[in-house]
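Each chain, written out:
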Amino acid sequence: MRKITKTNLFLVLALIILFSMMAVESYAQNKQGDSKREEIQRYFGYETLMYRYLSIPYDVSMNINVRGDFTNVGFLYLLLIPLLFMIKYRRKKWVAIGMPLLLILLFIMSSSNGFILEDKNSQLIGNLDGKHHYKYVDGEAFSTKVVKSMYNLNNTLYTPLKYIGNKISGNRDYITYPLVLLLFLGFSFLLYFQFRFQSKWYVFLVASLFWIFSFFWYILSSGIIWYGFLAFLLGLICMVLLLPSNEEDTKVASYTRIGFYSLFGLWICVGLISRMSNINPSTPIPLLGQTMLNNVFLNQMVGNINETQTVDYFYKDLSNVLKKVNLEDKSLVYRVGTSFTYFIRNNHNRVFLDNQLGFFRRLEKRIPSKIERSEILKAYGFKYLIIDLNTPSLDNTPEKSLVDKFNGLIDFVYKNPKVRLLTTNRQVKVIKDGEVTNQTAFDVFGKVEVYGSFAIYEIL
């Protein structure tokens, strides 16, 4: 065994001191109503601070906090890296016992700090600190009963962890960063002692790069996956390196290689089919698998329709409004969500983004009158207001602060003589003589028939 020199010891102590200085106080909680808390922390989670960090591997792999194709990296990393490590070092008892226990603990802790899908109304319910025992689910389906029983058992097993978390952690503590640092150092020494005698030097190099980069992504990224793309690439390489070599003729090594390549190939095929067929949870059943090619874009590409017709197909009467907005290139546009910046001329100078409505809330507090607010916006050069009607769906905060701010914005445009609706794709029931009819009209307010996604107003 290689002796620990004074230089190595000094470097280790310096590393400990450095991270200890960083960990004087763990604080990853922004104040309520803060835009950073609503936008960035939704990738991170809102549970107890200690479990917020410890659950990141599960949350990212299982697409828990922010759901969508753009954040879905799949569960193969979480499944195969620990499994291959256990198979590689299966003769070591501490690996065979310790790794499964850690994974079970991670599952209990993470699934009790996530979201539960309530079948009846297709709503996601926050299961922070194991508060919900799946009591909302109705149904006799076998899968429903299994999931309900699993969450009930899991939340029960989480009870002692909840007690510990409430005692030593919270929204801020003195334990999370030191704990994360100790885990990093522990696995770093484990990595060193397991790979230092590798005959192939690049194995240790790749494993070290993967572990170090993953750690810094882990503590600095707030769970945002695109900051860790290098780690996902190195993780794939590590999985291949952890496979038993062809020199091992044991059945375990042979079955491991066959199982790995089969599972990986199946995952790639399923992923390709899923993306090519464009099947999403919101897709109506009659349209499943029928939207591989968008007929509108196809018609535009062959010249059957022009750009204006294409835009109007997706967004009712939007092209006429865009022409009006683009007649001038100096008036400002106040944008809350949507991707309409692309269509606006000179957008880098004209468009002001306020997706989390932080600026609007400050203006609302200082100027209670919505008419005066309109005049102030007009005086600053704002002429158009673009609103994403789906903004509340981004709010995962327990206190629903973004929903509250969005309601304030909707109240601002409601019966405000200083703003005028130019276009929207929301449809509401028409009211005649005080009665709701079956006719529909494009408007933001009323009994909603088609929810829509946007509304554009002109500030008069």
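Residues numbered from 1 in each chain as written. Predicted model: local features only at pLDDT ≥ 70, side-chain atom pairs only at ≥ 80, totals over all residues. Heavy atoms only, no water.

K.L.:
Please provide a residue-by-residue account of the packing of aromatic side chains, values included.
P.N.:
Taken as a whole and assessed by the stated rule, the structure comprises 30 aromatic pairs. Ring centres 5.3 Å apart and planes at 75° place the aromatic pair Phe260 and Tyr261 in the edge-to-face group. These aromatic residues form a ring-pair network of at least three members: Phe184, Phe187, Trp211, Phe215 and Phe216. Lying over the aromatic face of Tyr451, Arg426 brings its terminal NZ or CZ to 4.2 Å of the ring centre. (Phe/Tyr/Trp six-rings, centres within 6.5 Å; stacked < 30°, edge-to-face > 60°. Lys NZ or Arg CZ within 6 Å of the ring centre and 35° of its normal.)

K.L.:
So what about the pattern of salt bridges? Which residues, and what values?
P.N.:
For the structure shown, the criterion picks out nine salt bridges. Between Arg361 and Glu364 there is a salt bridge, and its shortest N-O distance comes to 2.8 Å. One end of the pair, Arg361, and the other, Glu364, are both in helix H18 (residues 358-366), three residues apart, so they sit about a helical turn from each other. The partner of Lys429 in a salt bridge is Glu449, with the nearest N and O atoms 3.6 Å apart. Taken together, the residues span a long stretch of sequence, with Lys429 in strand E9 (residues 427-432) and Glu449 in strand E11 (residues 448-450) at a distance of 20 residues. With a relative accessible area of 43%, Glu449 lands in the partly exposed category. Overlapping salt bridges, with partners in common, bring together Lys324, Arg420 and Glu458 in one network. (Salt bridge = Lys/Arg side-chain N within 4 Å of Asp/Glu carboxyl O. Helix = DSSP H or I, 4+ residues; strand = E, 2+ residues; numbered from the N terminus. Buried < 20%, exposed > 50% of the residue type's maximum accessible area, 1.4 Å probe, protein only.)

K.L.:
Explain the nonpolar core residue by residue, including any values.
P.N.:
Core analysis: the biggest nonpolar cluster contains 45 residues, and Tyr51, Tyr53, Ile56, Leu84, Phe85, Tyr218 and Met239 have the highest contact counts within it. At the level of secondary structure, the elements contributing two or more residues to this core comprise helix H4 (49-54), helix H5 (56-61), helix H6 (76-88), helix H7 (93-111), helix H10 (176-195), helix H11 (201-220) and helix H12 (229-242). Look past the residues within four positions of Phe85 in its chain and what remains in contact with it is Val95, Met99, Leu190 and Leu242. Counting 21 residues, the second largest nonpolar core, distinct from the first, contains Tyr334, Ile387, Val413 and Ile459. (Core = buried A, V, L, I, M, F, W, Y, C linked by side-chain atoms within 4.5 Å. Contact = heavy atoms within 4.5 Å.)

K.L.:
If you had to explain the pairing of strand E7 (residues 382-388) to someone new, which residues and values would you point to?
P.N.:
The element E7 is extensively covered by neighbouring structure, given that six of its seven residues are classed as buried. Of the strand pairs in this sheet, strand E5 (residues 332-336) and E7 are connected by five bridges, and their pairing is parallel. Note that in E7 the partner of Leu332 across the bridge is Phe382. The pairing of E7 with strand E12 (residues 454-459) spans five bridges and is antiparallel. Opposite Ile386, over in E12, you have Ile456 as the bridge partner. (Pairing = 2+ DSSP bridges.)

K.L.:
Mind laying out helix H19 (residues 370-379), listing which residues take part and the relevant values?
P.N.:
All buried positions along H19 are accounted for by Arg373, Ser374 and Leu377. The arc that holds the buried residues of H19, viewed along the axis, is 100°, so those residues lie on one side. Directly after H19, the chain includes Gly381, whose backbone phi takes a positive value near 105°. (Arc of directions from axis to C-beta.)

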